[in-house]
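So you can see what is in the structure, the chains are spelled out below.
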Amino acid sequence: MAALVAQLAFPSDCNRRVWEDPSFIKWRKNEAHVTLRCHETVEGSIRYWYERNKVDLTVANSAFWNDDAVVGALDCAAFWVKGLPFVKSLSGYWKFYLAPGPASVPKNFYDSSFEDSTWQTLPVPSNWQMHGFDRPVYTNITYPFPLDPPHIPTDNPTGCYRTVFHIPDKWKGRRILLHFEAVDSAFFAWVNGVPVGYSQDSRLPAEFEITDYCHPCGSDKKNVLAVQVFKWSDGSYLEDQDHWRLSGIHRDVLILAKPQVYIADYFFKSNLGKNFSYADIQVEVKIDDSLETSKDSILNKFSIEAELFDNAKWYDSNEYRDLHSSSVAHMELDSSSSHATFGFLGYFLVGKLESPKLWSAEQPHLYTLIIILKDEFGNVVDCESCQVGIRQVSKAPKQLLVNGHPVLIKGVNRHESHPRLGKTNMESCMVKDLVLMKQNNINAVRNSHYPQHPRWYELCDLFGMYMIDEANIETHGFYHSQHLKNPTLESSWASSMLDRVISMVERDKNHACIISWSLGNESGYGPNHSALAGWIRGRDTSRLLHYEGGGARTPSTDIVCPMYMRVWDIVKIANDPTETRPLILCEYSHSMGNSTGNIQEYWEAIDNTFGLQGGFIWDWVDQALLKVGADGAKHWAYGGDFGDIPNDSNFCLNGITWPDRTPHPAIHEVKYVHQPIKISLSESTLKITNTHFFGTTKALEFSWTVCGDGCKLGSGILPLPIIEPQSSYTIEFESGPWYSPWASSSAEENFLTITAKLLQSTRWVEAGHVISSTQILLPAKRELVPHVIKNKDAVLGEMLGNVIRVCRKNFWEMQFNTQSGTIDNWKVGGVTMMNKGIFPCFWRAPTDNDKGGGAHSYASRWKAAHLDSLSFVTESCSVQNTTGHPVKVVVVYLGIPRGEENSLSKSEDPKVLFKVDITYTIYGSGDIIMECNVHPRSDLPPLPRVGVEFHLEKTIDEIKWYGKGPFECYPDRKAAAHVGVYEQNVGDMHVPYIVPVECSGRADVRWVTFQNKDGFGIYASMYGSSPPMQMSASYYGTVELDRATHHEELIEGDDIEVHLDHKHMGLGGDDSWSPCVHDKYLIPAVPYTFSIRLSPITPALSGYDIYKSQLQN
């Protein structure tokens, strides 16, 4: 048999290409099981978890995202087996050779005597494309090879690996297991020249017993491990996920030593009693016996028991001696047949836990389960352990319940993605993800779209994160195939699909964090899915089932789980009385580039509609990889940057964090819509609601701040009674501590901010962290009247040819061109501010969402209408007077496509897209009032913006504004941004999206100042009855942002481009492939009127002073 399988690996020797045979998915592979620890003693088990659970946010601070991560990954592999005397990591640098295909693999490379000194080395674990072999491929739907199932092209890069290992003397007499945590995509393994197994499934373990093939313990001979990895296999047809296609041994390789009779698998279950006052606990245990004796015979020589330890008791003392005393329940063998379970032929241990501490994402209390196998003399033969949580996941009409409560799923989708390592994992990077998620009120993760590293599950148990664990099945590329049947509909692929589901469930079944299993992603729907659902439901009744394929409402899902469904449609389903399942969006809010707009609309619906229970944002991280650029520096790269064909360009950049986990501005909005403390003011009552399901507000400190027109009027601690979960506390507005400063305020607008902070540090954040912050506009105390200029200073002006020169000596000077109708030069304090004039602007650098939808996209329609190439021709410019008070200049601009200027006949010419009337009123104070009347052609598409653009000298780079901030925000993504006075440098305003797009905007700006380091500059504000503005300022102009395809390609301009917008279109985010900005955030092509005030500012003035000067008393 060994010789036969050795031949099967080489098509030159045999015509049977097993990596193209869906019926040949594994050979000599052990049955799937939980992660084994191979402990020696109970004490060793407890100590192992005591040390392993010492994880907090300080670990996240050591995360590497550059070349240091390569060594870091190797160190992690060694760290993860620390304290396990019978587990050894084979991580390190292996000999490696990449053949162009299986037929080109070096002959007999697996032999112990093979000479590999000329081969290169490759770290294991790793993806070989991340180390200069082959190239990464990013594709979303299209398979990266011709669609011809189950066949794979002859051009199929094949990695040949070799390493050596010794068996420690201590392992003598034990059984040796070779364990691959994950290999992409299929592989054969040999030990000392003997084939030991074959496996597929790129995301789950493959384990082979190699006892008979290893040199004896104590031998001087080195054991040679050889592995042949196929880049593609028939299994790749089931792995068409939207991510980088990377190959190799990307998780650790272990050797384990087990006794002749050992604990091979176990399944912990708990059944909570009335009022959760106790839990009946049970463990199904599977024993592997090398002698294959009967089940009853084993009990004649061995005994099995289990113990449950309360982790919370460990850290009351730093001494190990207290650890064993944390035992809270003992489980003994139950020989009755009442526990016989589908698919399990093992032993059942039962016990009872009084007053269990329940696990939830809010309160992730864990116990350590230790299973002990003893011989007839009472000696410990084998010991296994894991972390378990006592919790109940159940269903109710239109609800998913955790411990009896309909928890809200505030989730993200997460791929395994590291910019330097690819699919390889590091402890600190996984912890970084969880720390950031918890800090931003994210409580759930969907493993998209495959089972992930086993340590990830332990960390989610520990930190508290609800999880959907998803099978490694996706066949999205068949959706566009007209002539081929989807493999998920074919019976020949059923066994492969079922194997993937079984392997996932059996590995991960003891993790408390998993509340639902998923059958995979975007794989259609057919009888194979019914089989998968049936197996899971028979194996595990303690969790729900999820599958979106087939319309998200098939019998194979317990959750209605659509992706990218619109708000009004999810509400419609929730209100459908015939639909009894909860609706949880498996993907929504597609966060591609500058996106995540109108997510607050979703959460208004979720918070107020029975049957809606949340969703998972797509997705967590921009999946870019590091690549050395032409400048020798490393930059973020996306599809196509490696010459990969086919590719889906930057469609892998959909995260709310950058690849190095720097948060995008959108994460503030996510944190806000997820925040657990809700504040509302209705009439005269302030309501504070604790939306937690399990935790009170005991751990929180509340504070309040009142600001008037951006100035703090009062603040303090807000003493509140403890608010129970799902409860509220009300305060009469007049009795609150904010009432006095509000009552005495003369400000035009007053805001009250209520903030909730953590009093104590947690595993994921330091004390003082803000978990909720809400700003409320307080009632106006008087009728608001339009803003007006009060200054009556006379204007000193003179005509110099076509230029009006107006000035105030030693303060400001302006030159206005009467031919073009533009400000040719404006100086303040002798410093030039601008010299290119102020023009209307209706264009923005398209975002990824703007580009989505092909010919129907906003960007395509804008460009078809020539909005990207407008030229403004001065139709007329009239000066009403040049002396006295004030100077008035009326300019009429015609916006036409660039290149059509000379063919324009009149303002009614069909080439005229916009007619813009601007009246400049110039006061002696230096104030300029711009009254703008915009008349777009009625057949234009929705406009990107309606506003003005001007350019400031590059030294005018200090910005202070009163409006929403401090972070980037837009009309449909501004709920988290508070109104206040903020200050930033122009360079810091810029948001470095990997693909440059419209960015850096700030919403609802009342006033803004642009000043140089000496304090000279320009003030701008809304004026009259005009609403607050959208403002941006950048060294990168709109044209440059549209031109560059990578951030590093951006070239700074010679000045600062400023936009003050009366209207700015929303970003959208329902998806990125259709024009889907919500109607209320669109800008229809209709007339608009707005006014802006511009004013010189000096070190002696502040923006606040100027703003106050135009407010009515």
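Residues numbered from 1 in each chain as written. Predicted model: local features only at pLDDT ≥ 70, side-chain atom pairs only at ≥ 80, totals over all residues. Heavy atoms only, no water.

Undergrad: Break down empty space enclosed by the protein for me, with residues and values.
TA: In total, this model carries 11 cavities of 30 Å³ or more according to the counting rule given. Estimated volume of the largest cavity: approximately 190 Å³. Forming the walls of the largest cavity are 18 residues, and the residues nearest its centre are Thr35, Arg37, Trp80, Glu181 and Leu254. Looking at the lining of the largest cavity, the elements that each hand over two or more residues are β13 (253-258) and α7 (454-463). Top element by residues in the lining of the largest cavity is α7. It accounts for 3 residues. Counted by class, the lining of the largest cavity contains 9 nonpolar, 3 polar and 6 charged residues. (1 Å grid on protein atoms, 1.4 Å probe; cavity = no way out; pocket = protein on both sides within 12 Å on 5 of 7 lines; lining within 4 Å. Points joined across faces, edges and corners; volume = space filled by probe spheres on them. Helix = DSSP H or I, 4+ residues; strand = E, 2+ residues; numbered from the N terminus. Nonpolar A, V, L, I, M, F, W, Y, C, P; charged D, E, K, R; others polar.)

Undergrad: Got a sec to walk through the sheet that holds strand β54 (residues 1017-1022)? Specific residues and values, please.
TA: The 9 strands are arranged β45-β46-β47-β48-β57-β54-β53-β50-β51 in an open sheet whose pairing can be described as antiparallel. Looking at the sheet topology across the chains shown, the edges are occupied by β45 (870-881) and β51 (978-985). Each strand of the sheet is rotated relative to its neighbour by a mean of 20°, with strand direction disregarded. Both β45 and strand β46 (residues 887-897) contribute to a ladder of 10 bridges, which runs antiparallel. (Pairing = 2+ DSSP bridges. Axes fitted to C-alpha atoms, helices over the stretch in contact; angles between N-to-C directions.)

Undergrad: Before we move on, can you summarise unusual backbone geometry with the specific residues and values?
TA: Peptide bonds are mostly trans, and most non-glycine residues show a negative phi. Backbone torsion omega between valine 124 and proline 125 reads 10°, so that peptide bond is classified as cis. With respect to the secondary-structure elements, proline 125 resides in the loop between β4 (120-124) and β5 (137-139). Residue isoleucine 645 is joined to proline 646 through a cis peptide bond whose omega torsion reads 0°. Turning to its location among the elements, proline 646 is positioned in the loop between β31 (634-637) and α12 (666-674). Although it is not a glycine, asparagine 192 adopts a positive phi angle of roughly 55°. If you trace the backbone, asparagine 192 turns up in the loop between β8 (186-191) and β9 (194-200). Take asparagine 192: its relative accessible area is 15%, and that puts it in the buried class. (Buried < 20%, exposed > 50% of the residue type's maximum accessible area, 1.4 Å probe, protein only.)

Undergrad: Account for the nonpolar core, naming residues and giving values.
TA: For soluble globular proteins, nonpolar side chains are generally found buried alongside one another. Core analysis: the largest hydrophobic core is formed by 126 residues, its most contacted members being Tyr466 and Trp738. No other element matches helix α6 (residues 427-439), which puts 7 residues into this core. (Core = buried A, V, L, I, M, F, W, Y, C linked by side-chain atoms within 4.5 Å.)

Undergrad: Go over the state of the cysteines, please, and point to the residues and values.
TA: Evaluation of the coordinates by the stated rule reveals 0 disulfides. Sulfur of cysteine 460: no disulfide; nearest cysteine sulfur belongs to cysteine 513 and is 5.2 Å away. Residue classification places cysteine 460 among the buried positions, given a relative accessible area of 0%. The thiol of cysteine 969 is unpaired, and the distance to the nearest cysteine sulfur, on cysteine 999, comes to 13 Å. (Disulfide = S-S within 2.5 Å.)

Undergrad: Provide a residue-level description of the side chain of glutamate 968, including the pertinent values.
TA: Relative to the elements of secondary structure, glutamate 968 occurs in the loop between β50 (958-965) and β51. Side-chain polar atoms of glutamate 968 contact the side chain of tyrosine 993, separated by 2.5 Å. Separated by 2.8 Å, the side chain of glutamate 968 and the backbone nitrogen of serine 1000 make a polar contact. (Polar contact = N/O pair within 3.5 Å; in protein donor to acceptor, adjacent residues only side chain to side chain.)

Undergrad: Give me the lowdown on the environment of proline 721, citing residues and values where you can.
TA: Looking at the secondary structure, you find proline 721 in the loop between β35 (711-717) and β36 (727-732). Taking relative accessible area as the criterion, proline 721 reaches 39% and is therefore assigned partly exposed. Residues proline 721 and proline 1028, spaced 307 residues apart in sequence, show a C-alpha to C-alpha distance of 38 Å. Excluding residues that lie within four positions of it along the chain, proline 721 makes contacts with Thr697 and Tyr729. (Contact = heavy atoms within 4.5 Å.)

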